[in-house]
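Below are the chains, spelled out letter by letter.
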Amino acid sequence: MTEIGKPPALAARGGLWVRAGDLEIHLGVEEDFRPARKAHPGILVTGLDDLAARLEAAGVEVAWDPHFPGHRRFYAHDNVGNRLEFLTPQT
């Protein structure tokens, strides 16, 4: 993902905007931040096994979850503890 500039009025608030292709993510800053342990984004990907291997090679724990019919998925946590779900349709 590539960082994109925020409009000046919004940049003063902090945070980060990033883009990859048609996907754009806006991250904000909260003074009393605590990571989301259960709420999470579900990110549809191709190459799920390759992604899991890259994350594990970087020291990130990957937890596979077989309980979503028609999909393969795993969970990981970012560097501040937020839960992330990565999934792909089963073929």
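Data block above holds the structure.
Residues numbered from 1 in each chain as written. Predicted model: local features only at pLDDT ≥ 70, side-chain atom pairs only at ≥ 80, totals over all residues. Heavy atoms only, no water.

Novice: I would appreciate a short explanation of the sheet that holds strand β2 (residues 16–20) in the present structure.
Specialist: Strand pairing in a sheet is mediated by backbone hydrogen bonds. Such pairs are either parallel or antiparallel. The sheet built from 3 strands is open, its strands ordered β1-β2-β3 with antiparallel pairing. Of all the strands in the sheet, the pair left with one neighbour each is β1 (2–4) and β3 (23–27). When the angles between neighbouring strand axes are averaged without regard to direction, this sheet yields 30 degrees. Pairing between β1 and β2: 3 bridges, direction antiparallel. By the bridge assignment for β2, Ile 4 is matched with Trp 17. (Pairing = 2+ DSSP bridges. Helix = DSSP H or I, 4+ residues; strand = E, 2+ residues; numbered from the N terminus. Axes fitted to C-alpha atoms, helices over the stretch in contact; angles between N-to-C directions.)

Novice: What is the right way to look at the packing of aromatic side chains in this model?
Specialist: The relative placement of two aromatic rings is captured by the distance of their centres and the angle of their planes. In this structure the tally under the stated criterion is 2 aromatic pairs. Judged by centre distance (5.4 Å) and plane angle (35 degrees), the ring pair of Phe 74 and Phe 86 falls under tilted. Of this pair, Phe 74 sits in strand β6 (residues 71–77) while Phe 86 is found in strand β7 (residues 83–89), placing the two residues 12 residues apart along the sequence. Both residues of the pair, Phe 74 and Phe 86, count as buried. (Phe/Tyr/Trp six-rings, centres within 6.5 Å; stacked < 30°, edge-to-face > 60°. Buried < 20%, exposed > 50% of the residue type's maximum accessible area, 1.4 Å probe, protein only.)

Novice: Explanation requested: the nonpolar core in the structure shown.
Specialist: Considering soluble globular proteins, one finds that nonpolar side chains tend to be buried as a cluster. Counting 9 residues, the largest nonpolar core is built from Val 45, Leu 48, Leu 51, Ala 52, Leu 55, Val 62, Phe 74, Ala 76 and Phe 86. Leaving out residues up to four positions away in the same chain, Phe 86 has contacts with Ile 43, Val 45, Leu 48, Leu 51, Leu 55, Arg 72, Arg 73, Phe 74 and Ala 76. (Core = buried A, V, L, I, M, F, W, Y, C linked by side-chain atoms within 4.5 Å. Contact = heavy atoms within 4.5 Å.)

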